[in-house]
Amino acid sequence: MNNLYESGEVTTSPPRTLSQPIKLMIGTPAYNSLVHTDYLHSILSYTTIPNLLTTVVTIGNTSLLIEARNKIFSLFVSSDFDYLLFLDADVGFPGEQLVRLLNHRKDIIGAPIRLKSPSGRIVFDYVDILDDTNYPLVKVKRKGTAILLISKKLALDLAKWCEKNNEYYYFDSFHSEGHVNHFQNLKIYNVFRLGKKGDVFLGEDYWFCELVRELGYDVWVDLSCVSVHNGFLGLVYSPNNC
C-alpha cells in the first residue's frame, strides 16, 4: 500500500483547531522536482486548517541536499513566518497531524518517520529517547528532517550563532539557475552540515540537532502522529502497528 490516504491509518481527525493564528513556511527539497501524491494531499489539507497561513518553498534542481536545506532555512530566517516545517517530497503528513505538532508550541519538534529498510525491520528517524515523562511526547537526542517543525525563535538564535562563528555564505546565482527570485543576495546560514562528532559521523539532520542542543534547546517527537514514508513500499507509522 503506497498511499497514506488509502491505508486505513487516517480514519479519525482530532479537533483541527490552532490555539492561535500561525504563519507557516513549508520547505521541501524535491529530487528531480518530483513529489509524491501523499505529499500533495498533505499540502492541500493544510489549506483547510483555520487560522493557518501557509507558503511552500521547493528546491528541485540541485542534488546537494545540504545546500537546499540551508537555503530554505535561511529564507525562513529572513521572512515574517512563525514556523518552518521541513516536509520531504516522499512523505505524507495530514493536516490533523500537523495541528498536533503546532499546538505543542515547541521550538523544535517532529513526527516519527519509518526509514526505508530493505529487510523490513522497523527503524525510525529519531535516536535515543532522553525523557518520556509526557509520553507520547518524548525528548530525543536527534531527529531526522523529513517532518521537522522549527520556530522562528530557534532559527534566529541559530542565525546569530552562524554570524558569531562566520558560518555563512552568499548565494551564487551564476552556478544556480532557477533560484534567483528566492535567493538572490540572500545570506545562507550553514546550519546543515556533514561531519564527525566525537567518534560518530553525522548526516546533516543529526548534525543540525546536535547544534540545536548545544544552544540549549530540547528536541521533541510526538509519537502519536501518523505519517508515511514512500518508496517501493509505503512505510506507514502509527502507534497501532508497532
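Here's what I pulled together on the structure shown here. (Residues numbered from 1 in each chain as written. Predicted model: local features only at pLDDT ≥ 70, side-chain atom pairs only at ≥ 80, totals over all residues. Heavy atoms only, no water.)

Moving on: the overall build of the protein chain. Looking only at helices and strands, the protein chain has six helices and 15 strands in total. Here the protein chain holds 242 residues, and 50% of them are scored as buried. For the protein chain, the accessible area works out to roughly 11400 Å², and carbon and sulfur atoms hold 52% of it. (Helix = DSSP H or I, 4+ residues; strand = E, 2+ residues; numbered from the N terminus. Buried < 20%, exposed > 50% of the residue type's maximum accessible area, 1.4 Å probe, protein only. Areas by Shrake-Rupley, 256 points an atom, 1.4 Å probe, with all protein chains shown as cover.)

What follows concerns the sheet that holds strand β3 (residues 83-87). Within the open sheet, the eight strands sit side by side as β2-β1-β3-β8-β5-β13-β7-β6. Their pairing is mixed. Of all the strands in the sheet, the pair left with one neighbour each is β2 (52-59) and β6 (126-134). On average, adjacent strands in this sheet sit at an angle of 25° to one another, irrespective of strand direction. When strand β1 (residues 22-29) meets β3, the two strands line up parallel, connected through four bridges. Bridge assignment links Met25 to a residue of β3, and that residue is Leu84. This element, helix α1 (residues 37-46), spans β1, β2 and β3 of the sheet and lies at about 150° to β2. Its contacts with the sheet place helix α2 (residues 65-77) against β1, β2, β3 and β8 (147-151), and it is angled at close to 165° to β1. (Pairing = 2+ DSSP bridges. Axes fitted to C-alpha atoms, helices over the stretch in contact; angles between N-to-C directions. Contact = heavy atoms within 4.5 Å.)

Another point: helix α6 (residues 204-214). Most of α6 is tucked away: nine of the eleven residues are buried. Buried within α6 are the following residues: Glu204, Asp205, Tyr206, Trp207, Phe208, Cys209, Glu210, Leu211 and Val212. Just downstream of α6 lies Gly216, where phi reads positive at about 100°.

Turning to the packing of α2 against helix α4 (residues 152-164), a few remarks are in order. Packing of α2 against α4 leaves a shortest axis separation of 9 Å and a crossing angle of 110°. Relative to α4, the element α2 lies roughly perpendicular. Contact residues: α2 offers Phe73, Phe76 and Val77, while α4 offers Lys152, Ala155, Leu156, Leu158 and Ala159. Considering only residue class, the contact of α2 with α4 consists of seven nonpolar, no polar and one charged. (Parallel < 35°, antiparallel > 145°, perpendicular 65-115°, else oblique. Nonpolar A, V, L, I, M, F, W, Y, C, P; charged D, E, K, R; others polar.)

Evaluation of the coordinates by the stated rule reveals five aromatic pairs. Note on Tyr168 and Tyr170: the rings are 6.3 Å apart at their centroids and 90° apart in plane angle, and the pair reads as edge-to-face. According to the relative accessible area criterion, Tyr168 is partly exposed, its value standing at 27%. Here a set of aromatic residues connected by ring pairs shows up, and it is made of Phe73, Phe86, Phe192 and Phe208. When the ring centre of Phe76 is taken as origin, the NZ or CZ atom of Lys152, which lies over that ring, is 4.8 Å away. (Phe/Tyr/Trp six-rings, centres within 6.5 Å; stacked < 30°, edge-to-face > 60°. Lys NZ or Arg CZ within 6 Å of the ring centre and 35° of its normal.)

The subject of this paragraph is the pairing of β6. Bridging between β6 and strand β7 (residues 137-143) involves five bridges; their strand directions are antiparallel. Note on β7: the bridge partner recorded for Asp131 is Lys139. Once β6 ends, the chain turns through two residues before running back antiparallel as β7.

Right, let's talk about the side chain of Thr28 for a bit. Assignment of secondary structure puts Thr28 in strand β1. When sequence neighbours within four positions are dropped, the list of residues in contact with Thr28 reads Tyr39, Val57, Thr58, Ile59, Ile72, Leu87, Asp88 and Ala89.

To continue, consider the pairing of strand β13 (residues 219-222). Successive side chains on a regular strand alternate, one facing one side of the sheet and the next facing the other. With burial as the criterion, each face of β13 is covered, one bearing Val219 and Val221 and the other bearing Trp220 and Asp222. One ladder, built from two bridges, connects strand β5 (residues 108-110) with β13; its direction is parallel. Paired with Gly110 across the bridge in β13 is Val221. In this sheet, β13 lies alongside β7 in antiparallel orientation, the contact comprising four bridges. Considered in β13, the bridge of Val138 is made with Val221.

Note: most peptide bonds trans; most residues except glycine with negative phi. With an omega of 15°, the peptide bond running from Tyr135 to Pro136 counts as cis. Its place among the elements puts Pro136 in the loop between β6 and β7. For Arg105, which is not glycine, the phi dihedral falls at a positive 55°. Mapped onto the secondary structure, Arg105 falls in the loop between α3 (95-104) and β5. Notably, Asn166 is not glycine yet its phi reads approximately 60°, a positive angle. Within the secondary structure, Asn166 is located in the loop between α4 and β9 (168-170).

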